Amino acid sequence: MQQDTHLYDLTVIGGGPIGMFAAFYAGLRELDTQLIESLPQLGGQVAALYPEKIIRDVAGFPHIKGRELVRCLQEQMLQFTDFKPQVFCDEEVLSLEKGNDEFILTTTKRITHTRRIIVAIGGGAFSPRPLAVNYDPKLDGKEVFYFVKNIADFTDRTVAIAGGGNSAIDWALTLEVVAKKVYLIHRRPRFRGLEANVKRLEASNVELVTPYNIAHLTKQPAGLALQLKQAKGTIEKNLNVDALLVNYGFTADNHVLRDWGLPLVHRALPVDQHMATAIAGIYGIGDSVTYSGKTKLIAAGFGEAPTAVNHIAESLYPERKQPLHSTSIA
Ligand SMILES: Cc1cc2nc3c(=O)[nH]c(=O)nc-3n(C[C@H](O)[C@H](O)[C@H](O)COP(=O)(O)OP(=O)(O)OC[C@H]3O[C@@H](n4cnc5c(N)ncnc54)[C@H](O)[C@@H]3O)c2cc1C
């Protein structure tokens, strides 16, 4: 195991959008920072789960693709030459231990030392909820999809999307533009999306198939045959499509936080008004945390990052005056 003897001011664990913004802000406050991300790429859920989705609720962007938001965050994070955070991808933080005036982190690659920690691991390791029917797993990534990694997989194809939340609606509206035809299958008569999204969906050419469940899925010489069964009813329908996108949400596993000695409430990390956790020196931001009124949105997490970083800067360097605006820095 490699020993990294450098003592960082701050380690941000998790390179999702909120961890990236925190690392940028730490550069603004001239903290010696490292960011550690377990996946090979930065961007968290945005990059891994919905890089092609159009996001409409990030301040300042009327609409922006997930991939482009991650690219902008990366450019913003790495803009300072003197206080550019060190970024380590493909490296998972396994454990942490409190020393005298520092924390010792063990990752899959190193042992590294830091004075403060920001936990930004989202829901932890996440995986999509699977389709509740038996099918040949070889279809995954060819005819059955859980992520949209490449819009071209759906271009000019007949696509069924299974799900009834915002994400399923967003995908239906996004793919409608490029696909030959889009069906949206939901087990309830109503969709659980934002009102404006549901209105756009109803005005679109997406064919809504409700209230139906997918009962069987079989591979055809060309495409898939879906057998649909009416929820709480007896009517059956057949649908032939080229591709099925399953959008039943995700399960996440952040049990690692308990192993790090951090108590969880409803599987999230409680924090105070400074985003500080129960362990002095460890802060939490983004989807990993909980407090009264917490919303798991990128916009909300972006606000939490400066709160945590400014408190950390003040605790490490009380003599430094806190700038209120980035424009006050020459
Ligand atoms: C399909 C979908 C659509 C969404 N659409 C929107 C939307 O339109 N608008 C919006 O505001 N929000 C949306 N969200 C929610 C938004 O993506 C999250 O709120 C946001 O990603 C949270 O960012 P984060 O940085 O806190 O966590 P994450 O994005 O989850 O990033 C956490 C990162 O930490 C890493 N990590 C985990 N454990 C470790 C470890 N031990 N060591 C190192 N790294 C680790 C993970 O690999 C991950 O990259 C959507 C979510 C989904 C799933």
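This is a predicted model, so every value here is computed, not measured.

1. Section: the domain arrangement of the chain
- Each domain of the chain was delimited in the assignment, giving domain 1 (2–126 + 250–328) and domain 2 (130–246).
- Averaged C-alpha coordinates put domain 1 and domain 2 at centres separated by 35 Å.
- On the side of domain 2, 9 residues touch domain 1, which itself brings 10 residues to the contact.
- Buried area between domain 1 and domain 2, summed over both chains or domains, comes out near 800 Å², and the portion from carbon and sulfur atoms is 55%.
- Taken as a group, Leu49, Glu52 and Lys53 account for 53% of the area that domain 1 buries against domain 2, more than any other trio of residues on that side.
- Across the salt bridge formed by Lys53 and Asp170, the nearest N and O atoms sit 2.8 Å from each other.
- The tally of links from domain 1 across to domain 2 stands at 1 residue pair in polar contact (both at pLDDT 80 or more).
- Residue composition of the side of domain 1 that touches domain 2, by class: 6 nonpolar, no polar and 4 charged.

2. Some details on the site of the ligand
- Close to the ligand lie 30 residues, the nearest being Glu37, Gln45, Tyr50, Lys53 and Asp57.
- Pro17 is positioned with one of its backbone polar atoms (N or O) 3.5 Å from an oxygen atom of the ligand.
- Sorting the residues of the shell around the ligand by element identifies α1 (17–28) and α2 (44–49) as the ones contributing at least two each.
- In terms of residue class, the shell around the ligand is made up of 14 nonpolar, 9 polar and 7 charged.

3. Here we look at unusual backbone geometry
- In this chain, Thr210 is followed by Pro211 through a cis amide linkage whose omega measures -15 degrees.
- Along the polypeptide, Pro211 turns up in the loop between β13 (207–209) and β14 (212–219).
- Located in the positive-phi region is Asp156, a residue other than glycine, with phi close to 60 degrees.
- With respect to the secondary-structure elements, Asp156 resides in the loop between β10 (144–145) and β11 (158–162).
- Relative accessible area serves as the criterion here: at 56%, Asp156 is assigned to the exposed category.
- The phi torsion at Lys232 lies on the positive side, around 55 degrees, for a residue other than glycine.
- Secondary-structure assignment places Lys232 in the loop between β15 (224–230) and β16 (236–241).

4. Regarding the UniProt feature "binding site: FAD" (unreviewed entry) in the chain
- Mapped onto this structure's residue numbering, the UniProt feature "binding site: FAD" (unreviewed entry) falls at Glu37, Gln45, Tyr50, Val93, Phe126, Asp287 and Thr327.
- Relative to the elements of secondary structure, Asp287 occurs in the loop between β20 (282–284) and β21 (289–290).
- Excluding residues within four positions of it along the chain, Asp287 makes contact with Gln45, Gly122, Gly123, Lys294, Lys296 and Leu297.
- Among the polar contacts listed, one links the side chain of Asp287 to the side chain of Gln45, at a separation of 3.1 Å.

5. Thoughts on a positive patch on the surface
- The grouping of Arg187, Arg188, Arg192 and Lys232 at the surface amounts to a positive patch.
- Take Arg188: it is sitting in the loop between β12 (181–185) and α5 (195–203).
- The exposure class of Arg188 is partly exposed, given its relative accessible area of 38%.

Calculation notes
Residues numbered from 1 in each chain as written. Predicted model: local features only at pLDDT ≥ 70, side-chain atom pairs only at ≥ 80, totals over all residues. Heavy atoms only, no water. Domains from an automatic or database assignment. Contact = heavy atoms within 4.5 Å. Buried area = accessible area lost by both parts, 1.4 Å probe. Salt bridge = Lys/Arg side-chain N within 4 Å of Asp/Glu carboxyl O. Polar contact = N/O pair within 3.5 Å; in protein donor to acceptor, adjacent residues only side chain to side chain. Nonpolar A, V, L, I, M, F, W, Y, C, P; charged D, E, K, R; others polar. Near = heavy atom within 4 Å. Helix = DSSP H or I, 4+ residues; strand = E, 2+ residues; numbered from the N terminus. Buried < 20%, exposed > 50% of the residue type's maximum accessible area, 1.4 Å probe, protein only. UniProt positions renumbered as here; feature names shortened; annotations may be inferred. Patch = residues over 30% accessible without salt bridge, like charges linked within 9 Å, V, L, I, M, F, W, Y side chains within 5 Å. Areas by Shrake-Rupley, 256 points an atom, 1.4 Å probe, with all protein chains shown as cover. Lys, Arg positive; Asp, Glu negative; His and termini not counted. Charge placed at Lys NZ, Arg CZ, Asp CG, Glu CD.

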